[in-house]
Amino acid sequence: MLSPKRVKWRRQHRGHYGGFATRGNYLAFGDYGLVCLEAGRLTSRQLEAGRIAISRSVKRGGKLWLRVFPDRPITKKPAETRMGSGKGSPEYWIAKMQPGRIIFEMNGVSKEQAEEAFRLAAHKLPFKTKLIARE
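Residues numbered from 1 in each chain as written. Predicted model: local features only at pLDDT ≥ 70, side-chain atom pairs only at ≥ 80, totals over all residues. Heavy atoms only, no water.

(A) Examining the overall build of the protein more closely. The helix and strand tally for the protein stands at two helices and seven strands. Tracing the protein from N to C terminus, the helices and strands come up as β-β-α-β-β-β-β-α-β. Overall size of the protein, expressed as C-alpha extent along the three principal axes, is 55 × 30 × 25 Å. Here the protein holds 135 residues, and the buried ones make up 33% of them. By sequence separation, contacts in the protein at least 24 residues apart represent 82% of the contacts at least 6 residues apart. (Helix = DSSP H or I, 4+ residues; strand = E, 2+ residues; numbered from the N terminus. Buried < 20%, exposed > 50% of the residue type's maximum accessible area, 1.4 Å probe, protein only. Contact = heavy atoms within 4.5 Å.)

(B) Region of interest: the sheet that holds strand 3 (residues 63–66). What the four strands build is an open sheet, ordered 3-6-1-7; its pairing is antiparallel. This sheet does not close on itself; its edge strands, each paired only once, are strand 3 and strand 7 (129–133). For this sheet, the mean inter-axis angle between neighbouring strands, taken without regard to orientation, is 20°. The sheet contact formed by strand 1 (residues 32–36) and strand 6 (residues 102–107) spans four bridges and is antiparallel. Its bridge partner being in strand 6, valine 35 is matched across the sheet by isoleucine 102. Each of strand 3 and strand 6 is contacted by helix 1 (residues 44–58), which is oriented at about 20° to strand 6, the strand it contacts most. (Pairing = 2+ DSSP bridges. Axes fitted to C-alpha atoms, helices over the stretch in contact; angles between N-to-C directions.)

(C) Up close: the side chain of glutamate 105. Counting through the fold element by element, glutamate 105 comes out in strand 6. Looking at glutamate 105, its side chain comes within polar contact range of the main-chain nitrogen of glycine 30, at 2.6 Å. Ignoring sequence-local partners within four residues, the contact set of glutamate 105 consists of Tyr26, Leu27, Ala28, Phe29, Gly30, Tyr32, Gly33, Lys63, Leu64, Trp65, Arg67 and Phe118. (Polar contact = N/O pair within 3.5 Å; in protein donor to acceptor, adjacent residues only side chain to side chain.)

(D) Local environment of unusual backbone geometry. Phi angles above zero are rare outside glycine, and glutamate 80 is one such case at about 60°. With respect to the helices and strands, glutamate 80 occurs in the loop between strand 4 (72–76) and strand 5 (89–97). We classify glutamate 80 as exposed; its relative accessible area is 84%. One non-glycine residue, serine 85, lies in positive phi territory at about 55°. Within the fold, serine 85 resides in the loop between strand 4 and strand 5.

(E) Up close: the pairing of strand 1. Most of strand 1 sits out of view: five of its five residues are buried. Going residue by residue along strand 1, you find Tyr32, Leu34 and Cys36 tucked away on one face and Gly33 and Val35 tucked away on the opposite face as well. With five bridges connecting them, strand 1 and strand 7 associate as antiparallel partners. Bridging across to strand 7, glycine 33 finds its partner in isoleucine 132.

(F) Up close: the nonpolar core. Among the nonpolar cores identified, the biggest contains 20 residues, and Leu42, Met97, Ile103, Phe104 and Met106 are the most heavily contacted of them. Of all the elements in the fold, those that place two or more residues in this core are strand 1, helix 1, strand 5, strand 6 and helix 2 (111–122). When residues in this core are grouped by element, the largest group, four residues, is from helix 2. Residue contacts for methionine 97: discarding those within four places in its chain leaves Tyr17, Cys36, Glu38, Ala39, Gly40, Leu42, Val68, Ile103 and Phe127. (Core = buried A, V, L, I, M, F, W, Y, C linked by side-chain atoms within 4.5 Å.)

(G) Examining the packing of aromatic side chains more closely. Applying the stated criterion across every chain, the model contains one aromatic pair. For the pair phenylalanine 29 and tryptophan 65, a centre-to-centre distance of 5.6 Å together with 15° between the ring planes defines the contact as stacked. Of this pair, phenylalanine 29 sits in the segment before strand 1 while tryptophan 65 sits in strand 3, placing them 36 residues apart in sequence. Between the NZ or CZ atom of arginine 67 and the centre of the ring of tyrosine 26, over which it lies, the distance is 5.9 Å. Stacked on the ring of tyrosine 17, the Lys or Arg lysine 96 has its end atom at 5.0 Å from the ring centre. (Phe/Tyr/Trp six-rings, centres within 6.5 Å; stacked < 30°, edge-to-face > 60°. Lys NZ or Arg CZ within 6 Å of the ring centre and 35° of its normal.)

This is the structure:
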């Protein structure tokens, strides 16, 4: 699973998920990309599951780029704990997703291969996505 090596603050506020992506919303590396259509959270496990689905689908052909990184900690308190006594400890890491953000990019494969690989990866993700291609 992806996670930061070190962070300035161990626990963060949740923040808001409104608006559209202003960065990471164009193809920078590959010819095909999988773009997010809804706001939400993408956990490091979901990102890894999508990456594995893509790499298995193209059978080590082409090159894959991950355009998001899970850098926000999500905390959780133990079950059956009374209210109060501070915030819980970090459990897993997420990337905040906004509509328009590109998650994966791929190069060196045909359009049909990219469509199939991104379709399999989209099943692992918690929001709607679509394929985009370089003009």
